[in-house]
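Reading the structure
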Amino acid sequence: MADTASSIELGFIGFGNMAQAMAQGLVNSGALSGEHIHACAGHFDKLQATAEKLGVHAHREAAEVVEASDFVVLAVKPYLIEQVVEPVRETLAGKAVISVAAGRDFAFYEGILAPNSHHLSTIPNTPIAVGAGVVACEQRHSLTDEQLQTFENLFGQIALIEWVDGKLLSTASSIAGCGPAFAAMFLEALGDAGVKHGLPRQTAYRLAAQMMMGTSKLYLETGTHPGAMKDAVCSPGGTTIKGVAALEKDGFRGTVIDAIDAIEGE
Ligand SMILES: NC(=O)c1ccc[n+]([C@@H]2O[C@H](COP(=O)([O-])OP(=O)(O)OC[C@H]3O[C@@H](n4cnc5c(N)ncnc54)[C@H](O)[C@@H]3O)[C@@H](O)[C@H]2O)c1
């Protein structure tokens, strides 16, 4: 565990799917104990139940979270960001503000936070809950060197941290942030196919999930081109190339690219 990270107080304004995934990843990996995590949300009773499970502090007001924290993650829906920032704008000024909101970049926060605030726009994804996340970060930020190091030490324990130009943060979000939904659909589809051919559903899901994880690990650890990884599985005249041909005929790659275009508004 990193010394700098273990001594910080981390706050979440909004404690829904994304914030809970981040807190779960930190607590379960031992990167940060729940006693150093503070949260508020729209519904206090619901928050209390979730917070209790993770051992994090539940607060009624965003101001209490900001007061208790060195780092404050803004984890409400993008359209609520201005509304939650406005009452705590001045107290946020001395803290490191981490945005996880889609479509909210450095320039946006320069417009709503107090002058000389320290902030960073990111897009995490839900696999961070099990220590296998991505946090895409905008290269332009105003964290101090110490805050940046603490941020990387802390979240680097449960996610791959990738820095991208602000213009590309939304594309990074489409791929890594939205991607778990697409990957889960592929997993579900392979499960359905397995069931169609007689495999028990849970067996089919486990086979497909381990295959997807292993393929990703193979890429990340060897850097082998995805095309070469595909070729290595396709024996001449074998079974895999028949599946590849069917996917190509049905426009698999084009469909995937269309999905990202749809998010990017092309
Ligand atoms: N879900 C994802 O996979 C994902 C991935 C990347 C980024 N994000 C971003 O994370 C943010 C949250 O998304 P989510 O999926 O967790 O949404 P969610 O609906 O699950 O959670 C939103 C949270 O905000 C709380 N909230 C609402 N009004 C509030 C207020 N006035 N003050 C304090 N809290 C309030 C809600 O009670 C809830 O806890 C969004 O900005 C989204 O763009 C989500």
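A quick note: this is a predicted structure, and the numbers were derived from the prediction, not measured.

**Concerning the site of the ligand**
- Close contacts around the ligand come from 18 residues, with Phe15, Asn17, Met18, Gly42 and Val76 the closest.
- Taking Phe15, its main chain carries an N or O atom lying 3.0 Å from an oxygen atom of the ligand.
- Burial of the ligand by the surrounding chains reaches 75%, relative to a free accessible area of 830 Å².
- Residue composition of the shell around the ligand, grouped by class: twelve nonpolar, five polar and one charged.

**Quick look at the UniProt feature "domain: Pyrroline-5-carboxylate reductase dimerisation" (unreviewed entry) in the protein**
- Within this structure's numbering, the places UniProt gives as "domain: Pyrroline-5-carboxylate reductase dimerisation" (unreviewed entry) are residues 168–262.
- Secondary structure within residues 168–262 divides into 82% helix and 0% strand; the distance between the first and last C-alpha atoms comes to 16 Å.

**Observations regarding the pairing of strand E5 (residues 96–99)**
- Neither face of E5 is open: one carries Ala96 and Ile98, the other Val97 and Ser99, and all of them are buried.
- For strand E4 (residues 71–74) and E5, the ladder comprises four bridges, and the chain directions are parallel. From the neighbouring strand, Val72 faces E5, where its bridge partner is Val97.
- The sheet contact formed by E5 and strand E6 (residues 118–124) spans four bridges and is parallel. Across the sheet, the residue bridging to Val97 is His119, located in E6.

**Observations regarding the UniProt feature "domain: Pyrroline-5-carboxylate reductase catalytic N-terminal" (unreviewed entry) in the protein**
- Within this structure's numbering, the places UniProt gives as "domain: Pyrroline-5-carboxylate reductase catalytic N-terminal" (unreviewed entry) are residues 10–103.
- Span residues 10–103 is 43% helix and 19% strand, its end C-alpha atoms 23 Å apart.

**Looking at unusual backbone geometry**
- Unusually for a residue other than glycine, Asn116 sits at a positive phi of about 65°.
- With respect to the secondary-structure elements, Asn116 resides in the loop between helix H7 (106–112) and E6.

**Comments concerning the pattern of salt bridges**
- As enumerated under the stated definition, the model contains six salt bridges in all.
- Asp192 serves as the salt-bridge partner of Arg201, at 2.8 Å between the closest nitrogen and oxygen.
- Judged by its relative accessible area of 32%, Arg201 falls in the partly exposed class.
- Note that Arg253 is salt-bridged to Glu248, the shortest N-O span being 2.5 Å.
- Taking relative accessible area as the criterion, Arg253 reaches 49% and is therefore assigned partly exposed.
- Accessibility expressed as a relative area gives 39% for Glu248, which makes it partly exposed.

**Focus: the nonpolar core**
- Within the largest apolar cluster, 38 residues are counted, with the highest numbers of intra-cluster contacts made by Leu10, Phe12, Phe15, Ile128, Phe151 and Phe155.
- In terms of residues, this core owes the most to one element, helix H2 (residues 17–29), which gives six residues.
- Look past the residues within four positions of Phe151 in its chain and what remains in contact with it is Phe71, Ile98, Leu120, Thr122, Val135, Cys137, Leu143, Gly156 and Ile161.
- Grouped together as the second largest cluster of nonpolar side chains are 19 residues, Ala62, Val85, Ile112 and Leu113 included.

Calculation rules
Residues numbered from 1 in each chain as written. Predicted model: local features only at pLDDT ≥ 70, side-chain atom pairs only at ≥ 80, totals over all residues. Heavy atoms only, no water. Near = heavy atom within 4 Å. Polar contact = N/O pair within 3.5 Å; in protein donor to acceptor, adjacent residues only side chain to side chain. Areas by Shrake-Rupley, 256 points an atom, 1.4 Å probe, with all protein chains shown as cover. Nonpolar A, V, L, I, M, F, W, Y, C, P; charged D, E, K, R; others polar. UniProt positions renumbered as here; feature names shortened; annotations may be inferred. Helix = DSSP H or I, 4+ residues; strand = E, 2+ residues; numbered from the N terminus. Buried < 20%, exposed > 50% of the residue type's maximum accessible area, 1.4 Å probe, protein only. Pairing = 2+ DSSP bridges. Salt bridge = Lys/Arg side-chain N within 4 Å of Asp/Glu carboxyl O. Core = buried A, V, L, I, M, F, W, Y, C linked by side-chain atoms within 4.5 Å. Contact = heavy atoms within 4.5 Å.

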